[in-house]
Amino acid sequence: MSIFEYNGSAVVAMVGKNCFAIASDRRLGVQLQTIATDFQRISKIHDHLFIGLSGLATDVQTLYQRLVFRHKLYQLREERDMKPETFASLVSAILYEKRFGPYLCQPVIAGLGDDNKPFICTMDSIGAKELAKDFVVSGTASESLYGACEAMFKPDMEAEELFETISQALLSSVDRDCLSGWGGHVYVVTPNEIKEKILKGRMD
């Protein structure tokens, strides 16, 4: 078993019309044993920028704390919030800096940039970015997430439809992966509001 699969995870982000959604499962396990069913993988950096971290849970928490620290320094110096593209470059640089003993995480970054244009990207554990215009996935359920998102995604969805689509994609995908699941956590972000919802899934 790869160290990336040790705790199990599923993270997906999807773009809509001037909005985006980011979702994750809630299981924290040690291989096949479930430890917690309310683990937080998605974190808010500011109102228009979220990061989801799949991979080893200890590194997820450590990396998140470093990113919050660096973003607060940026806010103090620049007196503004970071753009999603700038934040993606920061995450990439922090990961690449530790490339010989990497953080065992695969981040998914989603945000609203200039003119409320949604931005999503993911990267590997040493910071190689992969940009997308529709959806990005990471975690142990990523193969089934690719299939579900490919089948369900359509461009320019409104916030409500985007929520339904990402929720169905996540729930149907984690059912096909025994290392992730136990419900879901979804954020739908529009220029004016953030909607957070907890999904109930199969409890096995």
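This text goes with the structure placed above it.
Just so it is clear, the model here is predicted, and its values are computed rather than measured.

Draft legend 1. Seen up close, the sheet that holds strand β10 (residues 135-139). Taken in spatial order, the 5 strands of this open sheet run β10-β1-β2-β11-β12, and their pairing is antiparallel. Both edges of this open sheet fall to β10 and β12 (194-199), since each of them pairs with a single strand only. This sheet shows a mean twist of 10° between the axes of neighbouring strands, independent of strand direction. In this sheet, β12 lies alongside strand β11 (residues 184-189) in antiparallel orientation, the contact comprising 6 bridges. Pairing of Y187 across the sheet is with E196, part of β12. The strands touched by helix α3 (residues 142-152) are β1 (10-15) and β10; relative to β10, the strand with the most contacts, the crossing angle is about 160°.

Draft legend 2. Main features of the side chain of H185. As for its placement among the helices and strands, H185 is situated in strand β11. With residues up to four places along the chain from it excluded, the contact list for H185 reads I22, A23, S24, R26, Q40, I42, E196, K197 and I198.

Draft legend 3. Representation of helix α2 (residues 84-97) within the structure. Here α2 spans 20 Å end to end across 14 residues, near enough to the 20 Å set by a 1.5 Å rise per residue. Of the residues making up α2, those classed as buried are P84, F87, A88, L90, V91, S92, I94 and L95. Looking at the buried residues of α2, the elements they touch are β5 (42-46), β6 (49-55), α1 (57-78), β7 (105-112), β8 (118-123) and β9 (129-132).

The rules behind these values
Residues numbered from 1 in each chain as written. Predicted model: local features only at pLDDT ≥ 70, side-chain atom pairs only at ≥ 80, totals over all residues. Heavy atoms only, no water. Pairing = 2+ DSSP bridges. Helix = DSSP H or I, 4+ residues; strand = E, 2+ residues; numbered from the N terminus. Axes fitted to C-alpha atoms, helices over the stretch in contact; angles between N-to-C directions. Contact = heavy atoms within 4.5 Å. Expected span 1.5 Å × (residues − 1). Buried < 20%, exposed > 50% of the residue type's maximum accessible area, 1.4 Å probe, protein only.

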